[in-house]
Amino acid sequence: MSARNDTSDDGPGENGPGILSFTATAEQAGDRLDRAFAGMGGLSRSRVKALMESGHAARDGAVTRDPSESVRPGAVYSLTVPPPDAATPLPQAMDLTILYEDRDLIVLDKPAGLVVHPAPGNPDGTLVNAILAHAGEELSGIGGEKRPGIVHRLDKDTSGVMVVAKSEVAHHALSTAFAERDLDRSYLALAWGVPSPASGSVEAAVGRHPADRKRMAVVTRGGKHALTHYVTERAWGTACALVRCKLATGRTHQIRVHLAHIGHPLVGDPVYCRRVPAVSRSLAEEAREALMAFPRQALHAQSLGFRHPVTGVPLSFSSPLPPDMAALVAALDTAA
């Protein structure tokens, strides 16, 4: 795919102002247009769909609003991403799954689709807005501002366990723990193919993709050391596996990049799995369709353990697979 990205934001956010465009190749013929755009400029598929339905996409200069439109080889497609609106985080009440809370911190089970912090393109409706509504009066102030302390983030479309600081002392201690990896984090991922060996480690520096600044990649120069340990929990033939990953470092998109690097991209990942994996042909039709239709990267932060930043008491929290990933596992089991 030949693509031009005129966005001005070099960060890993969901979007940025500008125009994204590409000329469709023969191998893209028949692909859904929203899937073809997903990942460009850091856009999620849901964000692409919203922009298209609002009239921001065009084919050969003519507006197209149908996210399911089939890509036509040779056609020139463009997507206009509006400039960000200035915004100040405001309290917004939302349902949160709280696993633990005291005066210093909140541990919660973040659903897929929830952005952690306001950013261009997502000025509100974020986890920060929700916590301001949930615990705004209890926040003791961080950096001179009454706000929650985000010490680590999960991608918008990654679900699972997160901890958020409510006090300055907790924010500092938790930030130090994450920086020094003095904690335990475990993720579950559904990946294409089956890793060989069944358990091992991926040690490869991660940095900006040399040709696409909105993506991360394994690089030989300019990247940061990254180490991921993995264990294959289950496998369905040679087509798909449930993989447990533990982070020894915490780089942007680390698990997604490392598994894609060893040939096992995550199911549903619009950024690091852009082609239909050949191993999908070995699946029964129903299971294959369920996996191909999954709208996000199949990644879940399953557990998090750390010492309480004030009392020093060891804490450990876990979350079961969310319903969408559990349904994928069920579809695979039924087809087996």
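Overview of the structure. Only a predicted model underlies this, so the values are computations on that prediction, with no experimental measurement involved. (Residues numbered from 1 in each chain as written. Predicted model: local features only at pLDDT ≥ 70, side-chain atom pairs only at ≥ 80, totals over all residues. Heavy atoms only, no water.)

## Structural notes on the pairing of strand β14 (residues 227-236)
Here comes step 1: Pairing geometry for strand β11 (residues 199-203) and β14, over five bridges, is antiparallel. Counted as the bridge partner of glycine 200 is tyrosine 230 from β14.
Here comes step 2: With eight bridges connecting them, β14 and strand β15 (residues 240-247) associate as antiparallel partners. Residue pairing for β15: alanine 235 is matched across the bridge by alanine 241.
Here comes step 3: Between β14 and β15, which pair antiparallel one after the other, the connecting turn spans three residues, and glycine 237 there sits at a positive phi close to 60°. (Pairing = 2+ DSSP bridges. Helix = DSSP H or I, 4+ residues; strand = E, 2+ residues; numbered from the N terminus.)

## Quick word on the environment of leucine 114
Here comes step 1: Inspection of the secondary structure assignment puts leucine 114 in the loop between β7 (105-110) and α3 (127-135).
Here comes step 2: C-alpha separation for the pair leucine 114 and alanine 191, spaced 77 residues apart in sequence, amounts to 22 Å.
Here comes step 3: Apart from the residues lying within four places of it in its own chain, the contact partners of leucine 114 are Met94, Gly125, Thr126, Leu127 and Lys156. (Contact = heavy atoms within 4.5 Å.)

## Structural notes on the pairing of strand β10 (residues 184-192)
Here comes step 1: With respect to burial, β10 is a largely interior element, eight of its nine residues being buried.
Here comes step 2: Summarising the sheet, β10 and β15 pair through seven bridges and their orientation is antiparallel. Each residue of the ladder has a partner; that of tryptophan 192, found in β15, is cysteine 240. (Buried < 20%, exposed > 50% of the residue type's maximum accessible area, 1.4 Å probe, protein only.)

## Digging into unusual backbone geometry
Here comes step 1: For the peptide bond that leads from serine 196 to proline 197, omega is 5°, which places it in the cis range.
Here comes step 2: Structurally, proline 197 is set in the loop between β10 and β11.
Here comes step 3: Positive phi is not limited to glycine here, since arginine 181 has a value of about 60°.
Here comes step 4: With respect to the element layout, arginine 181 can be found in the loop between α4 (168-179) and β10.
Here comes step 5: The backbone of histidine 253 sits at a positive phi, close to 60°, despite the residue not being glycine.

## Structural notes on the nonpolar core
Among soluble globular proteins, nonpolar side chains are generally buried collectively.
Here comes step 1: With 28 residues, the main nonpolar core has Leu108, Leu127, Tyr187, Cys245, Ile255 and Leu259 as its most contacted residues.
Here comes step 2: Broken down by secondary-structure element, the contributors of at least two residues to this core are β7, α3, β9 (159-165), β10, β15, α5 (254-261) and β16 (299-307).
Here comes step 3: Looking at this core element by element, the count peaks at five residues for α3.
Here comes step 4: Every residue in contact with leucine 127, bar those within four places of it in the chain, is listed here: Leu96, Leu108, Leu114, Val115, Val116, Met162 and Val164.
Here comes step 5: In this structure, Trp236, Ala287, Leu291 and Ala298 belong to the second largest nonpolar core, which totals 19 residues. (Core = buried A, V, L, I, M, F, W, Y, C linked by side-chain atoms within 4.5 Å.)

## Brief notes about the environment of isoleucine 19
Here comes step 1: Examined against the element boundaries, isoleucine 19 turns out to sit in strand β2 (residues 18-23).
Here comes step 2: Look at isoleucine 19 and you get partly exposed, because its relative accessible area is 34%.
Here comes step 3: Taking the C-alpha atoms as reference points, isoleucine 19 and serine 78, separated by 59 residues in sequence, lie 6.6 Å from one another.

## Description of the packing of helix α6 (residues 285-292) against helix α7 (residues 323-335)
Here comes step 1: The contact between α6 and α7 brings their axes to 8 Å, and the two run at 165°. Judged by the inter-axis angle, α6 sits roughly antiparallel to α7. Judged by the twist between their axes, the crossing of α6 over α7 is left-handed. For the pair formed by α6 and α7, the contact residues are Ala287, Ala290 and Leu291 on the first element and Leu328, Ala331, Leu332 and Ala335 on the second.
Here comes step 2: In the contact of α6 with α7, the residues fall into seven nonpolar, no polar and no charged. (Axes fitted to C-alpha atoms, helices over the stretch in contact; angles between N-to-C directions. Parallel < 35°, antiparallel > 145°, perpendicular 65-115°, else oblique. Left-handed = near helix turned anticlockwise from the far one by under 90°. Nonpolar A, V, L, I, M, F, W, Y, C, P; charged D, E, K, R; others polar.)

## Remarks on empty space enclosed by the protein
If you roll a probe as big as a water molecule over the atoms, it shows you where there is empty space left.
Here comes step 1: Throughout the structure, instances matching the rule amount to one cavity of 30 Å³ or more.
Here comes step 2: In this structure, the largest cavity occupies an estimated 40 Å³ of space.
Here comes step 3: As for the largest cavity, its lining consists of His152, Leu154, Val161, Arg185, Ser186, Tyr187, Ala301, Ser303 and Leu304.
Here comes step 4: Those elements giving two or more residues to the lining of the largest cavity turn out to be β10 and β16.
Here comes step 5: Across the lining of the largest cavity, the residue classes break down as five nonpolar, three polar and one charged. (1 Å grid on protein atoms, 1.4 Å probe; cavity = no way out; pocket = protein on both sides within 12 Å on 5 of 7 lines; lining within 4 Å. Points joined across faces, edges and corners; volume = space filled by probe spheres on them.)

## So, the layout of surface pockets
Here comes step 1: Put simply, the second largest pocket is a space of about 620 Å³.
Here comes step 2: In terms of lining, the second largest pocket is formed by 24 residues, of which the most central are Asp31, Arg35, Cys273, Arg274 and Arg275.
Here comes step 3: Elements represented by at least two residues in the lining of the second largest pocket include exactly α1 (33-37) and α6.
Here comes step 4: Here the residues of the lining of the second largest pocket sort into 13 nonpolar, two polar and nine charged.

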